[in-house]
Amino acid sequence: MSVKSELLELFITEKGTYFSGEHIAERLHCSRTAVWKAVQQLKEEGYEITAVQNRGYALSEESDVLSREEILHYLDKPYPLTVLQEVTSTNDVLKAMANTQHASEGTTIVSDYQTGGKGRLGRSFFSPKGTGLYVSMLLRPQDTVSNSLTLTAKAAVAVYRAVKTVCNVELGIKWVNDLYLGHRKVCGILSEGQASMESGHLDFVIAGIGINIYEPEGGFPEEIRQRAGSIMGQRTKEHQINRNRLAAEVIREFYQLAAEPGLTSDYAKHNIVPGHEITVIDGDRRRPAKALSILPDGRLEIQEADGSRNALVFGEVSVRLRDGNQTIER
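Along each chain, residue indices are assigned from 1 in the same order as the chain's sequence is written. At least 70 in pLDDT is required for a residue's local features to be given in this predicted model, at least 80 for side-chain atom pairs to be given and counted, and no such filter applies to totals for whole chains, interfaces and linings, which use all residues. Each side-chain value is worked out from all heavy atoms of the structure, with water and hydrogens disregarded.

A. Seen up close, the layout of surface pockets. Only protein atoms enter the 1 Å grid, on which a cavity is a set of points fitting a 1.4 Å probe that cannot get out and a pocket is an open set with protein on both sides within 12 Å along at least 5 of 7 lines, lining residues being those with an atom within 4 Å of a point. Grid points are joined across faces, edges and corners, and a volume is the space filled by probe spheres set on the points. The space that makes up the largest pocket amounts to roughly 1,000 Å³. Strands here are runs of E lasting at least two residues and helices are runs of H or I lasting at least four, both read from the DSSP assignment and numbered beginning at the N terminus. Contributing elements (two or more residues each) for the lining of the largest pocket: helix H5 (90-100), strand S5 (132-139), strand S7 (178-181), strand S8 (184-195), strand S9 (202-212) and strand S14 (316-323). Examining the composition of the lining of the largest pocket, we find that 6 residues originate from one element, S8, more than from any other. A per-class count over the lining of the largest pocket returns 17 nonpolar, 17 polar and 12 charged. In this classification, Asp, Glu, Lys and Arg are treated as charged, Ala, Val, Leu, Ile, Met, Phe, Trp, Tyr, Cys and Pro as nonpolar, and every other residue, Gly included, as polar.

So, in structure tokens, the structure goes:
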């Protein structure tokens, strides 16, 4: 491990605590010059490190750089984790690793910024720098495509639990793959997989998660401004969370849930769709229905306009919700 990595690990473990250069050099078995160089490298990478005469160096408690060292600090299991400050898409990076490097189950990509974030049905996912969290996680289930449909739902529950733990905020889950705060979408999930045409068994599944933590400078783009929201609103020193800890909680919860059989009751309990009038969207076709319940396997039970009942496995729905005196669709 390099001096820089060891120093960062020390800073993370004792965030906000000052260490003299001499103390650090003795602890890391290196020279004072090496300590100074490591501090400069960390500053160049964006870490907020303060230096006070007669006290030494400290990593600011407000420092918000996503780092492998800090995420692993909050995990009790050393997942194969890569943290990248900028990517095209975390799903695309992980998909390439799964195919060309035979990445193992548990391999995870975390990024601060996506230049080509992906949403469902070929849509883009707005992924600005410094305000969100973008995570992709790899599974290699010994299963068929039809039996792995609960993985997206488990990813939604993982985000719900992680946000509640770290941000003290309760989100609503929208079948099948979004999370909302009030009437605004704050998280989208895109699951992608690759299967063998001969056996029908999955080679791998990737769960990609994009979370809007803070309001971006200048607000969201016009085309999504009426629907998109953030968990914490405008970021201030008094109003921020530890994104590394949130990433760790999402990773922990997802892999734990993925290892459990069936679908946890939290998915239905915190789902905002059942009980509402909805529009079922199938390509260019739309039809009205009423959402009745989330079935144990994650399917959405609906009542069609003619009174018959049906269960949706895949697809997209919009929900008609009351907002004051008006009805909005989300």
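B. Structural detail: a negative patch on the surface. A cluster of acidic residues, Glu 48, Glu 61, Glu 62 and Glu 238, forms a negative patch on the protein surface. Residue placement: Glu 48 occurs in the loop between helix H3 (32-44) and strand S1 (49-52). Patch criteria: residues need more than 30% relative accessible area and no salt bridge. Like-charged residues are merged within 9 Å; nonpolar side chains of Val, Leu, Ile, Met, Phe, Trp and Tyr are merged within 5 Å. Each accessible area is a Shrake-Rupley estimate made with a 1.4 Å probe; only the visible protein chains count as cover when residues are assessed. Each reported salt bridge corresponds to a side-chain nitrogen of Lys or Arg within 4 Å of a carboxyl oxygen of Asp or Glu. When charges are counted, Lys and Arg are positive and Asp and Glu negative, with His and the chain ends excluded. Where a charge lies is defined by one atom per residue type, namely NZ (Lys), CZ (Arg), CG (Asp) and CD (Glu).

C. Examining the pattern of salt bridges more closely. Counted according to the given criterion, the structure contains 23 salt bridges. The salt bridge partner of Arg 123 is Glu 316, with a shortest N-O separation of 2.9 Å. Here Arg 123 is found in the loop between strand S4 (108-111) and S5, whereas its partner Glu 316 is found in strand S14, with 193 residues between them in sequence. Only protein chains enter the accessibility calculation, which uses a 1.4 Å probe; a residue is then buried when its area is under 20% of its type maximum, exposed when over 50%, and partly exposed in between. For Arg 123, a relative accessible area of 42% gives the class partly exposed. The salt bridge involving Asp 266 is made with Arg 161; its shortest N-O contact spans 3.1 Å. Within this pair, whereas Asp 266 is found in helix H8 (residues 266-269), its partner Arg 161 is found in helix H6 (residues 150-167), the two being separated by 105 residues in sequence. For Asp 266, a relative accessible area of 15% corresponds to the buried category. By relative accessible area, which is 22% here, Arg 161 ends up partly exposed.

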